[in-house]
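Residues per chain, in single letters:
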Amino acid sequence: MCGIVGYYGSENAAPVLLKGLEKLEYRGYDSAGIALLENGNLRVVRKKGRVSELFNVKDMSGKLGIGHTRWATHGAPSETNAHPHVYGRFAVVHNGIIENDFALKEECRSRGEVFSSETDSEVIAHLLEFYYEGNFLTAVKSTVERLKGSYALAILCADCEGIILARKSSPLVVGSGNGGLFAASDISAIAAQGVDIYTLEDGEFALLATEITFFDGNLKRISKEKIEYDAEDETPDKKGYRHFMRKEMAEIPAVLGKSVCDFTAAKYREFYRVLKQTEQIQIVACGTAYHSGLCAKHAIESLCRVPVEVCIASEYRYSNPIVRPYTLALAVSQSGETADTLAAAEIAKSKGAYLVAVTNVPYSTITRLADYVLPTNAGREVAVAATKSFNAQLALLYSIASALDKAKGGAGFFDEILSLPEKVKCAEEACEEVRAWVPHFLGARSVFFLGRGADYATSLEGSLKLKEITYLPSEGYPAGELKHGTLALVDSSTPVVAVLTQKSVADKTMNAVHEVYARGAKVFLITCFEEYTSRKEVTASLLLPECKEEFTPILSVLPLQALAYYVSIARGNNPDKPRNLAKSVTVE
Ligand code: M6R
């Protein structure tokens, strides 16, 4: 992952770079650094830890600089592995992974060069110095031609008043206005500057000097259109909440109104035509987005009887997948930048699927890859743990199910979908009740989330959320499968959360509840059915509004998100920035 920034303008670069890096911390916060160029002198400051570690360099002079916030891939989080990496007259910041770094480093070492970090990125600075014969741009071109893997690069050369940017499979935008030229991994880092923003595509270069000049892969000048963006959405604040995660959970009911869609407007004609022809659906996604795909599969297969395959993108991409004619591929990604999802989507498309991007980020890479884009409209999500984006994905995927049903001659069920925001509002308010459950989870050795069908998919999401921000070992498990081995892990130190919203299998799920209760586990029940809440096996329960069975995950996930949040803060963690993770996973 990692976030990169660049600035050249009338102000001192250091504070501008630091402000941008703070906005990009969601991409990684293992270390941070900046390099400034003034009168041919490169000055570099790097620190282990958060961007705030660099605040004492705010007063450093220099109008030209680059910066980096790191999510460690190669080499531990440390000052020596922090970017920028400097070699000779070059300083470079990198987002991505250089896959042939070993061979390239050997080549450099054979020339007597010495490396000072364990990173894959440092080799880029060495190659730049090797290829430099007085022309910055051609040195960059020759260097990137040697790189395998992914990169977004911002580079300084001590001989030149400017920054050169290059990208392949890692996002990069540039901006101009307000007395300066800017570069960043995404819009959020520079939107507050109120500048015109342009995206860089794979293989292109940009030079930020007196103005921005764009070049194609052969260094031929090209022109670009600026993109439209909502500066307010790109510069989020916590609006009085202690954490972004809590604020984003509170936004869920309002967000859903923007995410549902009946696809009747003329602009959806093409999508509707595709739905009519669709014979099967493949969903490719990672993490939480994968779980929303699992929930959608349940709804689409049950209501539309169209087969749905949900694939973990990192598996799909290397599995030589079978894509039959009339396959609709849905690539679901909050960020639209997840490397595995992009690769999987590309494969599905190349094998003949019609590719629809379901994403929360306009102008993200996936929107340029897809045949068609459906925005989830959840607004910017800052917390690493996905919450409102999950519910928004569900609202949109259920809307697709309704439109598919209609396209196939059914009546659809859009009225039911329209009633969801109100139900979600009631459920959201009830979620505060789970705060009372927190003490039971604090000392847990492990936690189980159990469910069947759609409840199993929700259990997986509840478990992921808990692991991600509390660091408690946890598993989402199919309720009926527990007795085939995993029950051996359950004892009195194992809280079990049972999700029970599917009427037809409610008693079956209760069988698993009896089994874990008999082994001493405390059971916390999330259900739409009051009759189960007073059972003797249940330590505490949370009652959700009744809802069409296929759509219950959009409600039942809410207490699971809240539980993870409150356990996280009770354990002294920062739920917005869990250890080892980053919001946008742009590397394999
Ligand atoms: O941006 P994406 O939706 O493609 O991200 C996929 C996952 O990395 C993401 O959902 C991750 O699992 C979340 N941090 C979970 O809360």
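Residues numbered from 1 in each chain as written. Predicted model: local features only at pLDDT ≥ 70, side-chain atom pairs only at ≥ 80, totals over all residues. Heavy atoms only, no water.

(A) Focus on the site of the ligand. Surrounding the ligand, one finds 15 residues, the nearest of these being Ser333, Gln334, Ser335, Thr338 and Glu468. A distance of 2.9 Å is found between a nitrogen atom of the ligand and a backbone nitrogen or oxygen belonging to Val384. At a separation of 2.8 Å, an oxygen atom of the ligand approaches a polar side-chain atom of Lys465. The cavity that encloses the ligand is the second largest pocket. Contributions of two or more residues to the shell around the ligand are made by helix H10 (287-304) and helix H18 (454-470). Of the residues contributing to the shell around the ligand, the split by class is seven nonpolar, six polar and two charged. (Near = heavy atom within 4 Å. Polar contact = N/O pair within 3.5 Å; in protein donor to acceptor, adjacent residues only side chain to side chain. 1 Å grid on protein atoms, 1.4 Å probe; cavity = no way out; pocket = protein on both sides within 12 Å on 5 of 7 lines; lining within 4 Å. Sits in = over half its atoms within 2 Å of the grid points. Helix = DSSP H or I, 4+ residues; strand = E, 2+ residues; numbered from the N terminus. Nonpolar A, V, L, I, M, F, W, Y, C, P; charged D, E, K, R; others polar.)

(B) Region of the structure containing the sheet that holds strand S8 (residues 163-168). On the basis of which strands lie adjacent, the open sheet formed by seven strands has the order S5-S6-S7-S8-S12-S13-S14 and antiparallel pairing. Here the strands that pair on one side only, and so sit at the sheet edges, are strand S5 (85-87) and strand S14 (221-222). Two strands pair when backbone bridges link them, and strand S6 (residues 90-95) and strand S7 (residues 151-157) are joined in this way by six bridges, in the antiparallel orientation. Of the residues in S7, the one forming a bridge with Ala91 is Leu156. Packing against the sheet, helix H4 (residues 136-144) makes contact with S6, S7, S8, strand S12 (205-208) and strand S13 (212-215), and its axis sits at approximately 145 degrees to S7. (Pairing = 2+ DSSP bridges. Contact = heavy atoms within 4.5 Å. Axes fitted to C-alpha atoms, helices over the stretch in contact; angles between N-to-C directions.)

(C) Structural context of the pairing of strand S18 (residues 354-359). In terms of burial, S18 is a largely internal element, six of the six residues being buried. Both faces of S18 are covered, namely the face carrying Tyr354, Val356 and Val358 and the face carrying Leu355, Ala357 and Thr359. Here strand S17 (residues 327-333) runs beside S18; their pairing, made up of six bridges, is parallel. Note that in S18 the partner of Ala331 across the bridge is Ala357. Following the chain from S17 across helix H12 (residues 339-350) to the adjacent parallel S18, one finds a crossover that is right-handed. Where S18 and strand S19 (residues 372-375) come together, four bridges link them in parallel fashion. The residue of S19 that forms the bridge with Ala357 is Val373. (Buried < 20%, exposed > 50% of the residue type's maximum accessible area, 1.4 Å probe, protein only. Right-handed = clockwise from strand over helix to strand, strands pointing away.)

(D) Geometry of the pairing of strand S20 (residues 447-451). The buried fraction of S20 is high, at five of five residues. Bridging between S20 and strand S21 (residues 474-478) involves five bridges; their strand directions are parallel. By the bridge assignment for S21, Phe448 is matched with Glu475. A crossover connection joins S20 to the parallel S21 through H18; in handedness this β-α-β unit is right-handed. Sheet analysis places S20 next to strand S22 (residues 496-500), joined by three bridges and oriented parallel. Its bridge partner lying in S22, Leu450 is registered against Ala498.

(E) Structural context of empty space enclosed by the protein. Overall, the coordinates contain two cavities of 30 Å³ or more when judged by the stated rule. In this model, the largest cavity occupies a volume close to 60 Å³. Forming the walls of the largest cavity are Cys2, Arg70, Trp71, Ala72, Thr73, His74, His83, His94, Gly96, Thr119, Asp120 and Ser121. For the lining of the largest cavity, the per-class residue count stands at three nonpolar, seven polar and two charged. In this structure, the second largest cavity spans a volume of roughly 50 Å³. Taken together, Val5, Gly6, Tyr7, Val16, Leu17, Gly20, Phe182, Ala189 and Ile190 make up the full set of residues lining the second largest cavity. Of all elements in the fold, only strand S1 (3-9), helix H1 (13-24) and helix H5 (188-191) reach the threshold of two or more residues within the lining of the second largest cavity. Taken together, the residues that form the lining of the second largest cavity break down as seven nonpolar, two polar and no charged. (Points joined across faces, edges and corners; volume = space filled by probe spheres on them.)

(F) Focus on the side chain of Ser446. By the secondary structure assignment, Ser446 is in the loop between helix H17 (438-442) and S20. Here Ser446 is in contact with Pro473, Ser493, Thr494 and Pro495, once residues within four sequence places are set aside.

(G) Broad picture of the side chain of Arg246. Along the chain, Arg246 falls in helix H7 (residues 244-250). If we skip the residues at most four places from it in the chain, Arg246 touches Tyr241, Glu428, Glu432, Tyr565 and Tyr566.

(H) Seen up close, the sheet that holds strand S15 (residues 280-285). Across the sheet, five strands lie side by side as S16-S15-S17-S18-S19; this open sheet has parallel pairing. Either end of the sheet is taken by a strand with one partner, and the two such strands are strand S16 (308-312) and S19. With direction set aside, neighbouring strand axes in the sheet form an average angle of 20 degrees. As judged from the five bridges shared by S15 and S16, these two strands associate in the parallel manner. Residue Ile281 lies in a different strand from S16, and its bridge partner there is Val308. Most of the contacts of H10 go to S16, to which it runs at about 170 degrees, and overall it touches S15, S16 and S17.

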